[in-house]
Amino acid sequence: MIPNCTRSSRLLAAACNSPAHHSFKAFYATVRGLRNSAPPDLDDAPPSDNDFILSILRANPSLRDTKSYLASFGLRPQTKPTHPQPPQLIIDPPPLHTKQSPSISIAEPTEPLKPSPFVTSILNPVYRRTALVKIQGPFTDVQLDSITKGMVYLGKLGLVSVIVVENDELPRGEQDERSAIVDETMRVVTSLEKHGARARPVVGPVVRLGPKPDEDLLPNSDFTPPEAHTIPSDLVPIRSALHAGEIPVIAPFALDSFCRSVRIDANDVIAGLARGMVEASAVDKSAQLKADSDDDVDLTPLRLMVIDRHGGVPSYARSGYPHLLINLTSEHRHIRQTFDERWRYTHPTALSNLNLARTCLSYMPPTSSAIMVSHKSPSSLIANLVTNKPAVSSSLPHALLQGNRKLTPHTPTLLRRGLPIQVIRSTAEIDHKKLNYLLEQSFGRTLDEDAFYKRLEKTLDFVIVAGDYAGAAIVTCEPSRTSEAPITYLDKFAVLPSHQGDGTVDFLWVALHDESYGLGHPFSANPNGGRGGMGEGYDLVWRSRSNNPVNKWYFERSSGHLRMGSWVLFWCDAEKRLKIEEGRRGSAGLSYVEHWEEGRLAKWADIVSSIPSSWK
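Residues numbered from 1 in each chain as written. Predicted model: local features only at pLDDT ≥ 70, side-chain atom pairs only at ≥ 80, totals over all residues. Heavy atoms only, no water.

1. Here's the deal with the overall build of the protein
Reasoning step 1: The helix and strand inventory of the protein stands at 20 helices and 21 strands.
Reasoning step 2: When burial is assessed residue by residue, the protein has 48% of its 616 residues classed as buried.
Reasoning step 3: Of the roughly 31,100 Å² of accessible surface on the protein, a fraction of 55% belongs to carbon and sulfur atoms. (Helix = DSSP H or I, 4+ residues; strand = E, 2+ residues; numbered from the N terminus. Buried < 20%, exposed > 50% of the residue type's maximum accessible area, 1.4 Å probe, protein only. Areas by Shrake-Rupley, 256 points an atom, 1.4 Å probe, with all protein chains shown as cover.)

Here is the structure:
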């Protein structure tokens, strides 16, 4: 939005009516950071009777988000009886005041009465899935009330919480620690029941200390298995509570080698449960033991939620504000290495919870996610369930993120297993077969391989690859028709349809930012094998069909755009150059058209228009 001032309004009107449309686009690019701030977040507003509905509306799910939610929590299919009903023998009673013998008739089998769809949607609206939740106190009664209300709301949407209670101010080894942690568990149970939920305290051990017999079968060498494990019989209290429609609230106890019940770290309980519940669910499905009753619950955890007093993992890229989205596969070690010592006091459990998310998500399905949230943002749990996305997209420009009031010290951090990210700078290192499949599946067209790779051999700058070619960003250096320097051109940005909506798009764009127009900033340092944030950033240019549905996403991330008939030209300004110039001018700020911006749109349009198509 253009700032509310008379002078800006006149300039905007003049730019729109002027034939020199390029100048207006440059004007749009330089004043973008001056947009009005986002409206204040309503998470801190007093709760109302309609806050459940409002929380869903604030999530603002897209069509893809809605389809994904319905795929996990949609209406159950109507089951038909497997055996036909036998005919019933009906004896009609004789009429009154007659002496006739009773008549015998065989009734024809009738169709069972079917409830109306409206009644079905109320009585059995959704599949029920589970979420592992750590409530890491201490919390006041008011704070706990806000948290448990969120748990009840999640249950209405089909996500049943399996809660593990922890209190950081109850040190282990104290004389009365067992009774104290049981009291804390009962506080959570009482608070849940206050909001109409049915809860069951589980104060007996549900995990066992020590490794499992098959512990040598690790997912990878850089992985630390849980300190506790379960066997099928340990999950009986949890199964019983879930089948009875109750929320299990678990005290952090475990059986040691002497079969004693001892208190352990809640993270070990949750990690052991994550593995045990996934394994138990797999056994249920393979043996077809899953009950047919409507109150059956899928044991496989769909979410991991860590609720404490500190919120997400702080990030140096956001001046200590939390990370928005973390790719654990590629960022876990880097985050630990760059964790500021001061944060060990302000966020003492951030790294341990980061490790917990990594451990649990390694066992949970790839579509699962973890969220670290403060008790001050309970409605973000509902938004995460509906959209499975961070509060604000991590791939948005930093200028917009810094001015967004949704970013607070209590903004939640969303964590996903993610994919490894690598940077390739030679065509010889590209797997042509996999890249061809990715591009053709993403664009729905047939690639002209010979012409495409022949052009890449001359112009390739780098390729960013996510996972095993689940996504890729191809950047080239396109020469100018004059003797001027070439431009940096985003030739292809593609993600497999199966990975759209799972965070791969944001992971890929952030890596693209760090390797191109974001170079030179400290927050562009990354472990992707690229330049590590070192160097000078440069403008990134690309084009898209004017009817491309992805353009809305491009509009939000670009500095500006220019319409060229059936094409739209987008660009992202080199951030370091703008930052240095802005600092040099101080309060004077940037002008509408800088000297380096003069004529560049015409140059870019000329080069981009001459790039041949890659498709047959």
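From this point, the narrative continues.
2. Considering the sheet that holds strand β13 (residues 369-374)
Reasoning step 1: An order of β5-β8-β4-β3-β11-β13-β14-β12 is seen for the eight strands of this open sheet, with the pairing classed as mixed. Where the open sheet ends on each side, the last strands, each with one partner, are β5 (199-202) and β12 (325-327). Each strand of the sheet is rotated relative to its neighbour by a mean of 20 degrees, with strand direction disregarded. (Pairing = 2+ DSSP bridges. Axes fitted to C-alpha atoms, helices over the stretch in contact; angles between N-to-C directions.)

3. A few points about the packing of aromatic side chains
Reasoning step 1: Evaluation of the coordinates by the stated rule reveals 14 aromatic pairs.
Reasoning step 2: On the basis of an interplanar angle of 70 degrees and a centroid distance of 5.5 Å, the ring pair of W509 and W542 is categorised as edge-to-face. Remark: W542 occurs in strand β19 (residues 540-545) and W509 occurs in helix α17 (residues 504-515); sequence separation between them is 33 residues. Considered together, W509 and W542 belong to a single accessibility category, that of buried residues.
Reasoning step 3: With centroids separated by 5.3 Å and ring planes inclined at 90 degrees, the aromatic side chains of W509 and W553 adopt a geometry described as edge-to-face. Of this pair, W509 sits in helix α17 while W553 sits in helix α18 (residues 551-557), and the two are 44 residues apart along the sequence. The pair formed by W509 and W553 is uniform in burial state, with each residue classed as buried.
Reasoning step 4: The rings of F493, W509, W542, W553, Y554, F555 and F570 are connected pair by pair, giving a single aromatic cluster.
Reasoning step 5: Here R178 stacks its cationic end above the ring of F253, 4.2 Å away from the centre of that ring.
Reasoning step 6: If you follow R543 out to its NZ or CZ, it ends over the ring of W567, 4.2 Å from the centre. (Phe/Tyr/Trp six-rings, centres within 6.5 Å; stacked < 30°, edge-to-face > 60°. Lys NZ or Arg CZ within 6 Å of the ring centre and 35° of its normal.)

4. Details of the sheet that holds strand β17 (residues 471-478)
For sheets, the rule is that strands pair by backbone hydrogen bonds, running either parallel or antiparallel.
Reasoning step 1: Spatially, β15-β16-β17-β18-β19-β21-β20 is the arrangement adopted by the seven strands of the open sheet, whose pairing is mixed. The open sheet has two free edges, formed respectively by β15 (421-424) and β20 (560-564), since each of these has just one partner strand. The sheet shows a mean angle of 25 degrees between the axes of neighbouring strands, taken without regard to direction.
Reasoning step 2: The pairing of β20 with strand β21 (residues 567-572) spans five bridges and is classified as antiparallel. The partner of L562 across the bridge, within β21, is L569.

5. Brief notes about unusual backbone geometry
Reasoning step 1: Backbone torsion omega between G137 and P138 reads 15 degrees, so that peptide bond is classified as cis.
Reasoning step 2: Here P138 shows up in the loop between β3 (129-137) and α6 (141-156).
Reasoning step 3: The backbone of C259 sits at a positive phi, close to 60 degrees, despite the residue not being glycine.
Reasoning step 4: In this fold, C259 is placed in the loop between β9 (253-255) and β10 (261-263).
Reasoning step 5: The phi angle at Y469 is positive, at roughly 60 degrees, despite the residue not being glycine.
Reasoning step 6: Note on placement: Y469 falls in the loop between β16 (460-466) and β17.

6. Focus on the side chain of H375
Reasoning step 1: As for its position among the elements, H375 is in the loop between β13 and α13 (379-387).
Reasoning step 2: Setting aside its immediate chain neighbours within four residues, H375 contacts F139, Q143, S146, I147, I307, D308 and R309. (Contact = heavy atoms within 4.5 Å.)

7. Comments concerning the nonpolar core
Reasoning step 1: One finds I163, L192, I464, L490, F493, W509 and L512 to be the most contacted residues of the largest nonpolar core, which totals 56 residues.
Reasoning step 2: The dominant element in this core, judged by the number of residues it contributes, is α6, at six residues.
Reasoning step 3: If sequence neighbours within four positions are ignored, L512 has contacts with F462, I464, A473, V475, L490, F493 and L540.
Reasoning step 4: Core analysis: the second largest hydrophobic core is formed by 44 residues, L132, L235, A266 and I326 among them. (Core = buried A, V, L, I, M, F, W, Y, C linked by side-chain atoms within 4.5 Å.)

8. Focus: helix α10 (residues 328-337)
Reasoning step 1: Among all positions in α10, only L328, S330, H332, H334 and I335 are buried.
Reasoning step 2: The inward-facing, buried residues of α10 contact β12, α12 (350-363), β14 (413-416) and β15.

9. A closer look at helix α15 (residues 432-443)
Reasoning step 1: For α15, spanning 12 residues, the distance from its first C-alpha to its last is 16 Å, which sits close to the expected 16 Å at 1.5 Å a residue.
Reasoning step 2: Buried-residue contacts for α15 involve α16 (449-459), β17 and β18 (487-495).
Reasoning step 3: For α15, the side-chain oxygen to backbone nitrogen distance between the N-cap and K433 is 3.3 Å, and the N-cap itself is D431.
Reasoning step 4: Two residues or fewer past α15, G444 is found with a positive phi of approximately 70 degrees. (Expected span 1.5 Å × (residues − 1). Polar contact = N/O pair within 3.5 Å; in protein donor to acceptor, adjacent residues only side chain to side chain.)

10. A short note on the packing of α6 against helix α7 (residues 177-194)
Reasoning step 1: Their axes nearest at 9 Å, the elements α6 and α7 cross at an angle of 60 degrees. As far as their axial angle goes, α7 and α6 are oblique. Both α6 and α7 take part in a crossing whose hand is right-handed. Counted together, D141, L144, D145, T148, M151 and V152 of α6 and R187, V188, S191, L192 and K194 of α7 form the full contact between these two elements.
Reasoning step 2: Here the residues of the contact of α6 with α7 sort into five nonpolar, two polar and four charged. (Parallel < 35°, antiparallel > 145°, perpendicular 65-115°, else oblique. Left-handed = near helix turned anticlockwise from the far one by under 90°. Nonpolar A, V, L, I, M, F, W, Y, C, P; charged D, E, K, R; others polar.)

11. Re the packing of α10 against α12
Relative placement of two packed helices is described by the angle separating their axes and the distance separating the axes.
Reasoning step 1: Their axes nearest at 11 Å, the elements α10 and α12 cross at an angle of 160 degrees. Classed by the angle they form, the pair α10 and α12 counts as roughly antiparallel. For the pair α10 and α12, the sense of crossing is left-handed. Together, L328, H332, I335 and R336 of α10 and L351, L354, N355, A357, R358 and L361 of α12 make up the contact between the two elements.

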